[in-house]
Structures are given as structure tokens and as C-alpha cells.
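# Residue-level structural notes
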Amino acid sequence: MKVAVVGATGMVGEVMLKVLAERNFPISDLLLVASEKSKGKTLMFKGEPHTVITLEEAVAESPDLAIFSAGGETSLQWAPRFAQAGTTVVDNSSAWRMDPAIKLVVPEINAHELTEKDKIIANPNCSTIQLVMVLAPLHKAYRMKRVVVSTYQSVSGTGVKAVRQMENEMEGTKGEMAYPYAIHRNALPHCDVFLDNGYTKEEMKLAKEPRKILGDDSFSVTATAVRIPTSGGHSEAVNVTFENDFDLNEVRKLLSETPGVVVQDNTDTNTYPMPLYAHDKDEVFVGRIRRDESLPNSLNMWIVADNLRKGAATNAIQIAEYLVSKNLLAGKVV
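The written sequence of each chain sets the order in which its residues are numbered from 1. Local features in a predicted model are, by the rule used here, given only for residues with pLDDT of at least 70; side-chain atom pairs are given and counted only at 80 or more, and totals for whole chains, interfaces and linings are based on all residues. Just so you know, side-chain values use all the structure's heavy atoms and leave hydrogens and water out.

## So, the packing of aromatic side chains
Two aromatic rings are characterised by how far apart their centres lie and by the angle between their planes. Just so we agree on the cut-off: Only Phe, Tyr and Trp rings take part, Trp by its six-membered ring, and two of them pair if their centres are within 6.5 Å. Stacked means planes under 30 degrees apart, edge-to-face means over 60, and tilted covers everything else. Under the scheme applied here, a residue whose accessible area is under 20% of the maximum for its type counts as buried, over 50% as exposed, and between as partly exposed, the area being computed with a 1.4 Å probe on protein chains only. In this scheme, the term charge over a ring applies when either NZ of a lysine or CZ of an arginine sits within 6 Å of the ring centre and within 35 degrees of the ring normal.
Using the criterion set out here, one finds five aromatic pairs in the structure. Considering the side-chain rings of Phe 242 and Phe 246, the 5.8 Å spacing of their centres and the 75° angle between planes classify their relative orientation as edge-to-face. For the pair Phe 242 and Phe 246, a shared accessibility class is recorded, and that class is buried. Here the guanidinium or amino end of Arg 291 rests over the ring plane of Phe 246, the centre of that ring lying 4.3 Å away.

Written out as C-alpha cells, the structure reads:
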């Protein structure tokens, strides 16, 4: 199978290549794609060198699959061109997520909705993915009414420029700024751009995307997204109010039996999720599971995941694996 990784030179692209290799994804011909300025660069995959090509060159190759992580503008312009060439696109940007004609997929939850006709498939926001992985089984069991989420997001979610800013500040070195303020020894309640309603784009993604993924508008989500000085891994404090009451032991059992979710919840041994332990892992970790004593039928949780893996690269590749397993890629049997 001919596979293109678009945005191969970026942070997520680098992790995508790592995950493709780890999971032994079936590739006969790999196209590493980036902007014109990166053309000709050499990247390694499974010990073999690959030369970076342009989007124009990649489209001409008509790959079976293209996994995009090159920003919204690039996706809006190029994903349709790949699709017209018969390529199935899994896009990691925000460009197509809320388009009613495009499916927004977390494989453990709604991959079964995909068909051969879906030529562009949207990968959800990193913070959304880890949130819905935990919410989905609870919603099915108890029916959510309202979700309040506060995020603690790593600088890697912004990109390599932000990681460099934090490292420079830690070393006392002046350099290019990804944020309007210092991030070292600080917390910025500012993820993405501010909108007219006073929320950021990141907060509105968290408000809207879970309802589309779960195919249900009966519950509401409100969010505050905060950037913190960690180099990897997003954390979320989540409060959920349900229509029906729950038993805490049942909640823990339900989550522990959910594929892709790991319960780390023992206050006696100080066991709870942390970005430090989620690093380079594909699971979503949940702990600090406790009843909200201020409101009936309400639950508090702490959710952590590696934002570059399950929050981006791994989820996209899991979508691709599902397409392969169901022979949905250009009608080809692999």
C-alpha cells in the first residue's frame, strides 16, 4: 500500500512515522511530504532513508492513504485534491472536524460509521480525544447532562517553537516567542486564538467535538483551556453531571473494561495519572475518580494522555488500521 505522511517534518509527523513503524502498518511505498522549503530533506523510516517531496509531487503519485498533519490551511487546499485522485485522507487539523459531511472519528467509539465513500476523515482535537474516550462509556451507562472541563495542556501541543521557548526560558536564554508571555514558571489561560464569545478556539473545540463524535446533542460541554510548562502530555480536570445516579465502584469497573483506557486511582498509594507516566504511551489514563458532593449525580475525574500519540498520531493511524481491516481503502484488499 502506498502511504503519504503530509507534514512529515513536524512534531506530529515525526511521531506518526514512529507509530507507523511500531505498529508495523502495511506500507509498500512511503511518501514523506512537506512544504517546498523542506523538499529534498532526508528522513529515516525503519532504518531506511526517504527523501521529502512536495504536495504536488505526492498528489501525482495517487497514494492509497494520506495522513495529514500540516495545518488547517494546507488541509483545506490539498485534502480535496488527494481525495479527487482516489486517496483516502485522514486529517489531523481542525479544518474538517465540524463539517457536517465529514466524519469525526475516535476508532474505539465510532469507527463503525466509516465507509468506502469517506475520502476525507477528520481526526479530533487532542484534548477532545482523551476526554471522549472516558466520557463515552459513562454516557452510555448514565446519560450525561453537562460536562465542565479544565485543561492543563503541554507546550508540545503548540509545536516545536513553543517547546524551544520553554527550554530557552529554563536556560535563561532569549529566543523566539511562541506565546505572548513566558511559559516557564507560568500558566497561560490562552490556548489558540480568542473568539468573539470570549472563549478560545481550543475551548470551543472541546465544547462541540464530543457531541459530534458521540452523535448526541442532548448534553453540553463548557471548557477552560490552560497552557502549562510541561513538555508533553495533556491533563484535564473533568466534572460530569448525569441524568442517572452511579456507583463509584461500577464507574471504575466500567472504565477499566474500556479498551484504550487505564484506571490509575488509588489515593492510599498516591496513584493517579500524570503526564510523566503517560509519555510515549497510547492509552488514556483516568484517576481521582470521586463523587461531586456539591451536586446530585455528579462525578469528578482527572484524565491524562500523550497529546502527540493518542491525541494525534496514534488515533489517526488507528483510523487507518480500521480502514485496512475493513477493506475500505480504494476498494483494495490488503
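Resuming the write-up.
## Considering the packing of helix H5 (residues 126-142) against helix H7 (residues 201-214)
Stated precisely, the cut-off is as follows: Interaxial angles span 0 to 180 degrees and are taken between N-to-C directions of axes, which are lines fitted to C-alpha atoms, for helices over the stretch in contact. The helix count covers DSSP runs of H or I at least four residues long, the strand count covers runs of E at least two residues long, and both are numbered beginning at the N terminus. Working definition: roughly parallel below 35 degrees, roughly antiparallel above 145 degrees, roughly perpendicular at 65 to 115 degrees, and oblique for all remaining angles. When the near helix sits turned anticlockwise from the far one by under a right angle, the crossing is termed left-handed; a clockwise turn instead gives a right-handed crossing. By definition in these notes, contact holds between two residues if any of their heavy atoms fall within 4.5 Å.
As a packed pair, H5 and H7 sit with axes 10 Å apart at the nearest point and diverge in direction by 40°. Viewed along their axes, H5 and H7 adopt a mutual orientation that is oblique. Crossing angle aside, the handedness with which H5 passes H7 is right-handed. Where H5 approaches H7, its residues Cys 126, Ser 127, Thr 128, Leu 131, Val 132, Ala 136 and His 139 are matched on the opposing element by Glu 202, Lys 205, Leu 206, Glu 209, Pro 210, Ile 213 and Leu 214.

## Description of the pattern of salt bridges
Close approach of charged atoms lets side chains of opposite charge pair. For clarity, the cut-off: One speaks of a salt bridge when a side-chain nitrogen belonging to Lys or Arg is within 4 Å of a carboxyl oxygen belonging to Asp or Glu.
For the coordinates displayed, the defined rule picks out 20 salt bridges. Its salt-bridge partner being Arg 23, residue Asp 282 comes within 3.7 Å of it at the nearest N-O pair. Of the two residues, Asp 282 is situated in the loop between helix H9 (275-278) and strand S13 (284-291) and Arg 23 in the loop between helix H1 (11-22) and strand S2 (29-33); the sequence distance between them amounts to 259 residues. Two residues, Lys 253 and Glu 257, come together in a salt bridge whose shortest N-O distance is 2.7 Å.

## Quick notes on the nonpolar core
Our working rule: Note on terminology: a nonpolar core comprises buried Ala, Val, Leu, Ile, Met, Phe, Trp, Tyr and Cys residues joined through side-chain atoms within 4.5 Å.
Within the largest apolar cluster, 54 residues are counted, with the highest numbers of intra-cluster contacts made by Phe 82, Val 134, Leu 138, Val 238, Leu 255 and Met 301. Element by element, the count of residues in this core is highest for H5, at nine residues. Counting residues in each nonpolar core, the second largest holds 32 residues, with Val 5, Ala 8, Leu 17 and Leu 20 among its members.

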